[in-house]
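Read off the chains here:
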Amino acid sequence: MIAIASADRNWGIGLKNQLLVRIPSDMKNFRQMTLGRVVVLGRKTLEGFPNGLPLAGRTNIILSRKADFQVRGGIVVHSEQELFQELKKYDRDDICVIGGESIYKRLLPYCDGAVITKIDYAYEADAHFPNLDELPDWEMVREGEEETCFDIEFRYQTYKNRNPKSFDEE
C-alpha cells in the first residue's frame, strides 16, 4: 500500500478542500499510478473531486464517519476496522491512499511507501501531509530530477516505510 500526495515545501497539501496547485503532468502521473487500482480516500477529499464523484477506472473506498453517507460507484466504510476488513480483499500492492490529511495521518503507518510530488514553493495551506523526513521509520529512497510546469518547480520523491503495520494488527 502506498500513499500518493502532492505537497509544498512545508508539506502543505490543500486549502479549503482543494489542491494547492494543479500540475497537468502530475495529474497525468497520478492517473497512471492509480488506474485499475484501489484508492482510499476520505469523504471531504471525494467532495473536492469533479461533481463529487469517485474516480473512474479505480475501486474507490471512502472512509466517512457519517453513518448515512453513500455514494454511487464507491465503497463506503465508517471505521478503520471496517476499512481494514475491506482492504484485506485486495493485494496490498494495488492499494493507494490518496487523502486527505486525516486519512494520510491514520493510514501512513500501514503504508509500505509513499510517492510525493514535492513542489518547490510554500503555499498557504490548511491541510498537511506528515513530514516524512522527520519520521524515524521513513526514508527517501529515490528523488527524481527537477521538473518545471509553467513557473512551478517540482520533483518526485519516493519514500519507504521500514516498519509498516499489518491490517491484522488492529
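Notes on the structure follow. (Residues numbered from 1 in each chain as written. Predicted model: local features only at pLDDT ≥ 70, side-chain atom pairs only at ≥ 80, totals over all residues. Heavy atoms only, no water.)

## So, unusual backbone geometry
Here the residue pair Gly99 and Gly100 is connected by a cis peptide bond, since its omega of 0 degrees sits within 30 degrees of zero. Looking at the secondary structure, you find Gly100 in the loop between strand 7 (95–99) and helix 4 (101–107). One non-glycine residue, Lys16, lies in the positive phi region at around 55 degrees. Structurally, Lys16 can be placed in the loop between strand 2 (12–15) and strand 3 (18–19). At Phe150, a position not held by glycine, the phi torsion is positive, near 55 degrees. Relative to the helices and strands, Phe150 resides in the loop between strand 11 (147–149) and strand 12 (152–161). What makes Phe150 exposed here is its relative accessible area of 69%. (Helix = DSSP H or I, 4+ residues; strand = E, 2+ residues; numbered from the N terminus. Buried < 20%, exposed > 50% of the residue type's maximum accessible area, 1.4 Å probe, protein only.)

## Considerations on the pairing of strand 4 (residues 38–42)
In terms of residue burial, strand 4 counts as a mostly covered element, since 5 of its 5 residues are buried. Direction of pairing for strand 4 relative to strand 5 (residues 59–63): parallel, over a ladder of 5 bridges. Residue pairing in the sheet places Val38 in a bridge with Thr59 of strand 5. Bridge count for strand 4 against strand 7 is 4 bridges, and the pairing is parallel. If you follow Leu41 over to strand 7, its bridge partner there is Gly99. (Pairing = 2+ DSSP bridges.)

## A few points about the side chain of Arg37
You can see Arg37 is positioned in the loop between helix 1 (24–34) and strand 4. Lacking a salt bridge, the buried Arg37 has Asp94 as its closest oppositely charged neighbour, with an N-O distance of 4.2 Å. Side-chain polar atoms of Arg37 contact the backbone oxygen of Met33, separated by 2.9 Å. A distance of 2.3 Å separates the side chain of Arg37 from the backbone oxygen of Asp93, its partner in a polar contact. In this structure, Arg37 is in contact with Ile2, Gly57, Arg58, Thr59, Asp93, Asp94, Ile95 and Cys96, ignoring residues within four places of it in sequence. (Lys, Arg positive; Asp, Glu negative; His and termini not counted. Salt bridge = Lys/Arg side-chain N within 4 Å of Asp/Glu carboxyl O. Polar contact = N/O pair within 3.5 Å; in protein donor to acceptor, adjacent residues only side chain to side chain. Contact = heavy atoms within 4.5 Å.)

## Here's the deal with the environment of Leu107
Within the fold, Leu107 resides in helix 4. Accessibility expressed as a relative area gives 1% for Leu107, which makes it buried. A C-alpha to C-alpha distance of 9.4 Å links Leu107 and Lys165, two positions 58 residues apart in sequence. If we skip the residues at most four places from it in the chain, Leu107 touches Met1, Val40, Leu83, Phe84 and Val97.

## Quick word on the nonpolar core
Counting residues in each nonpolar core, the largest one holds 30 residues, and the members touching the most others are Leu87, Val97, Ile116, Phe129 and Leu132. Contributing elements (two or more residues each) for this core: strand 1 (2–7), strand 4, strand 5, helix 3 (80–87), strand 7, helix 4 and strand 8 (113–119). Those residues in contact with Phe129, other than ones at most four positions away along the chain, are Ala3, Ala5, Trp11, Ile13, Tyr104, Leu108 and Ile116. Judged by nonpolar contacts, the second largest core, of 15 residues, contains Ile2, Leu41, Phe69 and Cys96. (Core = buried A, V, L, I, M, F, W, Y, C linked by side-chain atoms within 4.5 Å.)

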